[in-house]
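In case you want the letters, here they are:
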Amino acid sequence: MSQKTTFGSKIGLIATTVGSAVGLGNVWRFPAETQANGGAIFLLIYIACVFILGIPVMTAEFSLGRGGSSDATGVFRKVTPNKKGWWLVGALAIMASYLILSFYMVVSGWTLEYLIQSISGNLYATDSEIVAGNKEQLFNNRMTEYIRGTYRPLIMTYIMLAANAFVLLKGVQKGIEKISNIMMPVLFILLLMFCVVSLSLPNASEGVSFFLKPDFSAVSAKTIVNALGQAFFSLSLAMGILVTYASYYPPKTKLTRTAVTVSVLDLGVAILMGLIIFPAVMTFGLTDHDLAGSALVFITLPEIFSQMSGTLFWSALFFLLLSVAAFTSTISLAEVSVAFMEQRFGFTRTRSVITVVAPLFILSSVCSLSVGPWSEFTIYGMTIFDFLDTVATNIMLPVGGILLCVYMGWIAPRSFFRKEMTNNGKLKSHTFAIIAFIIKWIAPLLIALVLAGQFL
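Residues numbered from 1 in each chain as written. Predicted model: local features only at pLDDT ≥ 70, side-chain atom pairs only at ≥ 80, totals over all residues. Heavy atoms only, no water.

Asks: If you had to explain the pattern of salt bridges to someone new, which residues and values would you point to?
Replies: By the definition in use, this model includes 5 salt bridges. For E335, the salt bridge is made with R349, and the minimal N-O distance between the two is 2.6 Å. With E335 in helix α14 (residues 311-345) and R349 in helix α15 (residues 349-357), this residue pair connects regions lying 14 residues apart in the sequence. Owing to a relative accessible area of 0%, E335 belongs among the buried residues under this scheme. In this structure, R349 engages E342 in a salt bridge whose closest nitrogen and oxygen atoms are separated by 3.1 Å. What makes E342 buried here is its relative accessible area of 7%. Taken together, the shared-partner salt bridges in this structure form one network comprising E335, E342 and R349. (Salt bridge = Lys/Arg side-chain N within 4 Å of Asp/Glu carboxyl O. Helix = DSSP H or I, 4+ residues; strand = E, 2+ residues; numbered from the N terminus. Buried < 20%, exposed > 50% of the residue type's maximum accessible area, 1.4 Å probe, protein only.)

Asks: Now, about a nonpolar patch on the surface: what can you tell me, with residues and values included?
Replies: Where nonpolar side chains cluster on the molecular surface, the patch consists of F51, I52, V260, V264, W410, F437, W441 and I442 and spans about 730 Å² of accessible area. Mapped onto the nonpolar patch, the elements with two or more residues apiece are α3 (40-68), α12 (255-283) and α19 (432-453). Here the element with the most residues in the nonpolar patch is α19; it accounts for 3 residues. Tracing the chain through its elements places I442 in helix α19. (Patch = residues over 30% accessible without salt bridge, like charges linked within 9 Å, V, L, I, M, F, W, Y side chains within 5 Å. Areas by Shrake-Rupley, 256 points an atom, 1.4 Å probe, with all protein chains shown as cover.)

Asks: So what's going on with the side chain of S365? Residues and values would help.
Replies: Mapped onto the secondary structure, S365 falls in helix α16 (residues 360-370). Its relative accessible area of 9% is what places S365 among the buried residues. In contact with S365, not counting residues within four places along its chain, are L154, Y158 and L360. (Contact = heavy atoms within 4.5 Å.)

Asks: Go over the packing of aromatic side chains with me, naming the residues and quoting the values.
Replies: Applying the stated criterion across every chain, the model contains 34 aromatic pairs. With centroids separated by 5.8 Å and ring planes inclined at 85°, the aromatic side chains of F7 and Y245 adopt a geometry described as edge-to-face. Taken together, the residues F7 in the segment before α1 (10-21) and Y245 in helix α11 (residues 241-246) connect sequence positions 238 residues apart. By relative accessible area, which is 1% here, Y245 ends up buried. Ring geometry for F194 and F305: centres 6.1 Å apart, planes at 45°, overall tilted. Of this pair, F194 sits in helix α8 (residues 172-199) while F305 is found in helix α13 (residues 293-306), placing the two residues 111 residues apart along the sequence. Like F194, the residue F305 is buried in the burial classification. Cluster of aromatic residues (ring-pair linked, three or more members): F103, W110, Y114, Y146, F194, F298, F305, F313, W314, F318, F319 and F385. Sitting above the plane of the F347 ring, R351 keeps its charged end 3.9 Å from the centroid. (Phe/Tyr/Trp six-rings, centres within 6.5 Å; stacked < 30°, edge-to-face > 60°. Lys NZ or Arg CZ within 6 Å of the ring centre and 35° of its normal.)

Asks: I'd love a proper account of the environment of F139, names of residues and values included.
Replies: Inspection of the secondary structure puts F139 in helix α6 (residues 135-146). Not counting residues up to four positions away in its chain, the partners in contact with F139 are Y114, L123, Y124, F298, I299, P302, E303 and S306.

Asks: Could you give me a rundown of a positive patch on the surface, with the residues and numbers involved?
Replies: A contiguous patch of positive charge on the surface is contributed by K10, K252, K254 and R257. Considering the arrangement of structural elements, one finds R257 in helix α12. (Lys, Arg positive; Asp, Glu negative; His and termini not counted. Charge placed at Lys NZ, Arg CZ, Asp CG, Glu CD.)

Asks: Outline unusual backbone geometry, supporting the account with residue identities and numerical values.
Replies: Backbone geometry at A238 places phi at a positive 65°, although glycine is not the residue there. Turning to its location among the elements, A238 is positioned in the loop between α10 (221-234) and α11. Despite not being glycine, N424 shows a phi value in the positive range, around 60°. Mapped onto the elements, N424 comes out in the loop between α18 (414-421) and α19.

Asks: Give a description of the nonpolar core that names residues and reports values.
Replies: Formed by 161 residues in total, the largest nonpolar core has its most connected members in Y46, L64, F298, F318, F319 and M408. With 19 residues, α14 is the largest single contributor of residues to this core. The residues touching L64, leaving out its near neighbours within four places in the chain, are S69, V75, F76, V79, V243, L404, Y407, M408 and F416. (Core = buried A, V, L, I, M, F, W, Y, C linked by side-chain atoms within 4.5 Å.)

Asks: Please set out the state of the cysteines residue by residue, giving values where relevant.
Replies: By the definition in use, this model includes 0 disulfides. Between C405, a cysteine without a disulfide, and C49, which holds the nearest cysteine sulfur, the sulfur-to-sulfur distance is 14 Å. (Disulfide = S-S within 2.5 Å.)

Asks: Explain the environment of G268 to me, and be specific about the residues and the numbers.
Replies: Topologically, G268 is positioned in helix α12. In this structure G268 comes out as partly exposed when scored by relative accessible area, which is 24%. When the C-alpha positions of G268 and A452 are compared, they lie 28 Å apart, and in sequence the two are 184 residues distant.

In structure tokens form, the structure reads like this:
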């Protein structure tokens, strides 16, 4: 590129980076993890993990991205040109982010389908085959139709792919930054609206108590490992996103402050989701329901909305919120590969976007069909969708995170890390020594625990 691409404003920079982190992991993974790991005590440990692990690793990625001023592989070549092979860490991040994008695009299509069906009212239409009052079965049937079907999920996935391509073609400032400036405020407004409604429900206090009153006797090694994993994944660490976006940061950007701001806002989304989900679950007596993944979003929540006045309004707003979160995340994941094509191969923006998006029509189709008509075809007992999720999220990301910390802690010049954190000495960074110590010694061990936890 003839001129270095940068974000146009500080607000846009924050909105875009927060948009890359805030996603379905905050909306459906966090409540499920909280429920399964003791409620408030999990939240407390999770918050600690965000500050101990998340912010230091994010600061390191920002430093690498802005200092290297290139794609996820090029930054390693620029920072340490004499150290061969480290660019493979960036290649691992690009590969992981692309695999995640292939199935994440499918999930974003599901959210769009549910948004449309909420607006039309079809999601809550009476099913004559369902015994009166068995709403869970009703929404199970809807999920089978909208997610596990053949054509409808594919159409919605293609629409989301086309929407992503449209924004990406507009570029960083006019596309990604502009859409983030609109969508992030909308997301937070919707979250606050739902929070007010949920906290006004009859048994809201029981849900709030579960979510905010810690039971220290519920702490276990599993709780700590799961909280570490949630902090790692919810902040989009080691995906190449933060390195890529940081390469668009202006020289005056305060990296540590930006990392704290992004992490706190991302944490805020998770907390707001907890304050939305648990009061509603307690009020409508759904405590025995499975709150994990698809069951929470596509069965339990519609069942809750069906028992509220203004069912269609609240359901449509929620799936709009979910679609916004999914859209900003998919754009960020795609930009990692687009930047790679531009920087490594000298492609134009248009050619880069086409090269990245076109194969997704096939990969995402396979992922979509694997949870429907092709569900009998498995790899190690998992559908293709679940297999890619497991390999990319549970293995590739932690391995990449460990290697990134080793690189920034042991391979990259310490002076480089300090220079980026202090903006060439213009800022006082009292936290540099602490963050550098965590990256060198603590973070690799913590991420290794996350990786080991996948096999326990």
